[in-house]
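The lines below spell out each chain.
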Protein chains: 2
Amino acid sequence: MTRLSPRHPRYASLVVRAALAEALTDGVVVPEGLIAHGRGEAFDYYLGERTTPSAARAERIAAAWIRAARHPVLSVNGNVAALAAPQVAALQRRFPNLRIEVNLFHRTPGRAARIADRLRRAGVRDVLGVRPTARLEGLPSDRARIDRRGIAVADLCLVPLEDGDRAEALRARGLRVVSIDLNPLSRTSEAADLPIVDELVRALTGIAAAPPGSRVPSGAPDPARFRALALAAMGRRLRAAAARGRRRASARSGARRR
Amino acid sequence: MTRLSPRHPRYASLVVRAALAEALTDGVVVPEGLIAHGRGEAFDYYLGERTTPSAARAERIAAAWIRAARHPVLSVNGNVAALAAPQVAALQRRFPNLRIEVNLFHRTPGRAARIADRLRRAGVRDVLGVRPTARLEGLPSDRARIDRRGIAVADLCLVPLEDGDRAEALRARGLRVVSIDLNPLSRTSEAADLPIVDELVRALTGIAAAPPGSRVPSGAPDPARFRALALAAMGRRLRAAAARGRRRASARSGARRR
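Residues numbered from 1 in each chain as written. Chains lettered and ligands numbered in written order. Predicted model: local features only at pLDDT ≥ 70, side-chain atom pairs only at ≥ 80, totals over all residues. Heavy atoms only, no water.

> Got a minute to help me understand the interface of chain B and chain A in this structure?
For interface size, the figure often reported is the accessible area lost on association. In this complex, chain B contributes 45 residues to the contact, which on the side of chain A involves 45 residues. Between chain B and chain A, a total of about 3800 Å² is buried, with carbon and sulfur atoms accounting for 65% of that surface. If you look at where chain B meets chain A, you find two salt bridges. A:Arg39 is paired through a salt bridge with B:Glu41; the nearest N and O atoms lie 2.6 Å apart. In this assembly, chain B and chain A are joined by four residue pairs in polar contact (both at pLDDT 80 or more). Taken together, the elements giving at least two residues each to the side of chain B that touches chain A come down to helix H1 (11-25), helix H2 (31-47), helix H7 (187-191) and helix H9 (223-257) of chain B. In terms of residue count, the dominant contributor to the side of chain B that touches chain A is H9(B) (19 residues). Its residues assigned to classes, the side of chain B that touches chain A shows 22 nonpolar, eight polar and 15 charged. (Contact = heavy atoms within 4.5 Å. Buried area = accessible area lost by both parts, 1.4 Å probe. Salt bridge = Lys/Arg side-chain N within 4 Å of Asp/Glu carboxyl O. Polar contact = N/O pair within 3.5 Å; in protein donor to acceptor, adjacent residues only side chain to side chain. Helix = DSSP H or I, 4+ residues; strand = E, 2+ residues; numbered from the N terminus. Nonpolar A, V, L, I, M, F, W, Y, C, P; charged D, E, K, R; others polar.)

This is the structure we're talking about:
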């Protein structure tokens, strides 16, 4: 592996990428997961790689929903296990009612077992979904598999980095869907009752850190508004970058005229 | 492999992703290349997955520069070979003076040979850089390797999907650098004399298709202006998407009030 220098301007990103590449070798992450991570990196870049005020509000609402739920489930795929197993364990410590279910788009029994193993080593208890026992309606068979002690009986499902088809199938099942997805225009973000547009580790940390008594608006939050606020934050950064480019361009052409 | 349905809303993206995953298995693409591709997908999404007028102009200038150059070189890495080998061959047919050099961030002799082989099978002649014979100043040894019949004597280098350090080292060497990179804020785009902010296949096709007599502005084009125009195009699409989200949000809250 390439040695990474902590002085590299993108050191943090390089460490995460190296961890994902290693998880690919271990069979925890699939090639499509690496591509999806790259998309997330680009969207996060335009978010400023920080939690926006509206995402922080969505994370406090998610915490209140998990606390109030009868049977909340966090769905975990290969990228989530590779990137945030310790944060999944911390969230479960904070919300003991939260079940953790392995949920794979590209499922093989070996891969599900390796992901569960990685979660357990990080301190997660009772990992569901390794041998799925129920099905979601309306999905091809290999992607429909769920656990009858988990998503099959859930009233709330937290889906980080989820496939659009699955998010829509969960929503159609009538349970509350909370997404964590950096693309505010993805089908997953569009399907969610509560779209959290934030990076995975920051979002899980933010949900776990929400004070128990934090005020949550009564009534259902407007998911379209959360998506629009995330888009507006990205748009502001793009415009600022474009303005910097224009200023440099006019400074250059001024220099040429002189 | 997952079967892909042509009716899937993102079928074209899925086909490209599957090709990259296969090239990973073949050792042509590295895991970091998949993550980089994902970043490109996100930026292209905000460009509207089409060539903007300013990118088309940059492609016509690039064609004129290649035609006028004494020794133009196209640098090819694993992603370029996996995604666009036929377009590389077509560009070389159009510009017989264009040399093709394999240029790898993560280099092993076997990988360089496999990439050269893939290019040759697509019809590329005289692939350079398989056994590098010269070095670029200012880079760690494994990334400094170039061909003394290629980049070492080039006056123009076309770098698609290039690492920022290498793009800066090429620029420091004094040759003209033309980048193809969907991120207008990347160090590669910032280092280029002519940044083409467009998807790889579209950009190579656009350069090859430029009419020989097409008018090119006299004097050096302003690279900052090309970057700013790309950012502005992305910003417009973001704002439009945010406005759609706001309209839906207010329609919903109107419906609730009624």
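> Please explain the relation of the copies chain B and chain A as it appears in this structure.
In this structure, two copies of a chain are linked by a rotation about an axis accompanied by a shift along it. Expressed as a screw operation, the relation of chain B to chain A combines 0.0 Å of axial shift with a rotation of 180 degrees, fitting to an RMSD of 0.0 Å. Here the two chains are linked by the operation of a two-fold rotation axis. When the interface residues of chain B are mapped onto chain A, 100% of them again fall at the interface, so both copies present the same face. (Least-squares fit on C-alpha atoms with pLDDT ≥ 70 in both.)

> Help me out: how do you make sense of the packing of helix H4 (residues 78-94) of chain B against helix H5 (residues 109-121) of chain B in this one?
Think of two packed helices as two axes; the pair is described by the angle between the axes and how far apart they sit. All names here are of chain B. At a closest axis distance of 9 Å, the pairing of H4 and H5 adopts a crossing angle of 20 degrees. Between H4 and H5, the interaxial angle falls into the category roughly parallel. You can see that H4 and H5 cross each other, and the crossing is right-handed. Along the contact surface, H4 presents Gly78, Ala81, Ala82, Ala85 and Val88, while H5 presents Arg111, Ile115, Arg118 and Leu119. Of the residues belonging to the contact of H4 with H5, the class tally is six nonpolar, one polar and two charged. (Axes fitted to C-alpha atoms, helices over the stretch in contact; angles between N-to-C directions. Parallel < 35°, antiparallel > 145°, perpendicular 65-115°, else oblique. Left-handed = near helix turned anticlockwise from the far one by under 90°.)

> How should I be thinking about the nonpolar core in this particular structure?
Soluble globular proteins: nonpolar side chains tend toward being buried together. Ranked by internal contacts, the top residues of the largest apolar core, which has 100 residues, are A:Leu119, A:Ile207, B:Leu119 and B:Ile207. Ranked by size, the runner-up nonpolar core spans 28 residues in total, among them B:Tyr46, B:Leu47, B:Leu182 and B:Ala233. (Core = buried A, V, L, I, M, F, W, Y, C linked by side-chain atoms within 4.5 Å. Buried < 20%, exposed > 50% of the residue type's maximum accessible area, 1.4 Å probe, protein only.)

From the geometry alone we can't say anything about function, so treat these as descriptive.
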